Amino acid sequence: MKTKSLLLECYRLCGVLLAPVAALLCLWRLVRGQEERARIGERFGFAKQSRPPGRLIWFHGASIGEVVALLPLVNSLLERNEHLQVLITSTTQGSSTVLSSRMPSRCIHQYVPYDYPGAVRRFLSHWRPDLAVWTESELWPHLILQARSNGILMAQVSAYMSATSFQRWKFAPQAARMLLESFSICLARDETASHRLSDLLGREIDGIANLKEVTLELPFDAAELAALQERIGNRPCWLATNTHEGEEEMIARVHQRLRSSHPDLLLVLAPRRVERADAIVRVLERELDGRVQLRSHTRLPQADSSVYVVDSFGELGLFYQMFDMVFLGGSLTSQGGHNPLEPARLGCFVLHGGHVAAYAYLFKTLDAYGGGACVTDEGALADAVSRRLRDASLLKGESATARRFALERGGGMVDDVATRLLALMDS
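Residues numbered from 1 in each chain as written. Predicted model: local features only at pLDDT ≥ 70, side-chain atom pairs only at ≥ 80, totals over all residues. Heavy atoms only, no water.

Turning next to the pairing of strand β4 (residues 131-136). Here β4 lies mainly inside the structure; 6 of its 6 residues are buried. With 4 bridges joining them, strand β1 (residues 56-60) and β4 adopt parallel strand pairing. Opposite Phe59, over in β4, you have Val133 as the bridge partner. Where β4 and strand β5 (residues 153-159) come together, 6 bridges link them in parallel fashion. What sits directly across from Thr135, in β5, is Val157. Taken together, β4, helix α6 (residues 141-149) and β5 constitute a β-α-β crossover, and its handedness is right-handed. (Buried < 20%, exposed > 50% of the residue type's maximum accessible area, 1.4 Å probe, protein only. Helix = DSSP H or I, 4+ residues; strand = E, 2+ residues; numbered from the N terminus. Pairing = 2+ DSSP bridges. Right-handed = clockwise from strand over helix to strand, strands pointing away.)

Ranked by size, the top nonpolar core spans 33 residues in total, and within it Leu228, Leu239, Val268, Phe319, Tyr320, Phe323 and Val350 carry the most contacts. Sorting the residues of this core by element identifies α10 (222-232), β8 (237-243), β9 (266-271), α13 (316-322), β12 (325-328), α14 (341-345), α15 (360-369) and α17 (392-408) as the ones contributing at least two each. Broken down by element, the residue count for this core peaks at 4 residues, all from α13. If near-sequence neighbours (up to four positions away) are discounted, Val268 is found in contact with Trp238, Leu239, Ala240, Tyr308, Val310, Phe319 and Phe323. (Core = buried A, V, L, I, M, F, W, Y, C linked by side-chain atoms within 4.5 Å. Contact = heavy atoms within 4.5 Å.)

Within a regular strand, the side chains alternate between the two sheet faces. Among the 5 residues in strand β3 (residues 107-111), 5 count as buried, and that is most of the element. Burial along β3 is two-sided: the residues Cys107, His109 and Tyr111 and Ile108 and Gln110 are all buried.

This part is about the packing of aromatic side chains. With the rule as written, the count across this model stands at 6 aromatic pairs. Members of the aromatic cluster, each reached through a chain of ring pairs, are Trp58, Phe123, Trp134 and Phe183. Looking at Arg189, its charged tip hangs above the ring of Tyr160, at a distance of 4.0 Å from the centre. Above the ring of Tyr359, the side-chain terminus of Arg189 is found at 5.1 Å from the ring centroid. (Phe/Tyr/Trp six-rings, centres within 6.5 Å; stacked < 30°, edge-to-face > 60°. Lys NZ or Arg CZ within 6 Å of the ring centre and 35° of its normal.)

Given below as structure tokens:
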């Protein structure tokens, strides 16, 4: 008990002492365009919006993938209770942008406050949630322990614990157990996470529920789709999305190789972080002969463009709808991959690298089903894309298979989780 108290008390004291550092960090992020100037106060627990009356469930997810995965569950809860209100917090500006067009009514977005005592107290005192639902690997000690102290019920859904995080928490087992015991319900994302969380908690957790297995169909603008299709016509194209630093160079070399047999080939590239767009353009121009074009500069691809970089938020649905095949990034380097169900649901056969630990089960089952394939290096990616550019009937069949796979996932899991959360809130 003493070790547990000492570790968490040290963290609390560090939070107090480093509060000025949080202000400097926020200023630095603002200068880099990673913060919204008008909403800086939210990082310190100051809210401009009033708390709506009635019962409020607070959901927290780190970034775009996590908050988008929450939406089916949020929708289910709101449909069941017409008086319920929802608060969603996240960390990144991109998640806010995406949510602004996709959140249902009776739903508010805020940036999660920095995890130091003053900001946390202000946040919780203002919003006073009846239930807090945490997803993925987010474990912020001040937020969790202060919410527990305030008597707020808490649940973990789609909880994830990487091997690295697990080993770190093993060095502080009492603190890990105290944090995890704050949750009345703990549902892991997969079997591996379940075993790790159970080990740290000292008992079996409450089950498995992977919210990312139930994806809503990404929205798209039909007029934009028609305009893009008309402009591109029969020109051969391929799509790469959610790419990370280090992958664009590899994709550029693959594209250069493909152009030897498909001279008019267009690559549409949508990076994971659009703020990297200028740096990506420099990389592509260094690696390629052809013109690189930003969507923000010219809305439609030009005839002489070799690469069309999508540097805008919330448009992946448009391009997944347009293509039958995608290379899904974060998988040729060690990021762990991204959710393959989003493109598959819109009929994209999913090519991916071997670094998919974050979604290993989904990729394994998708590939076995025939809706995806692993490409371990540049040569394998070039061959896989070239084969499908030459064989449209093959790709059409694979596209339909990927869509079937995505539509079959999840079943009644979301409704089951919603039932458990409402029962917890009524307990």
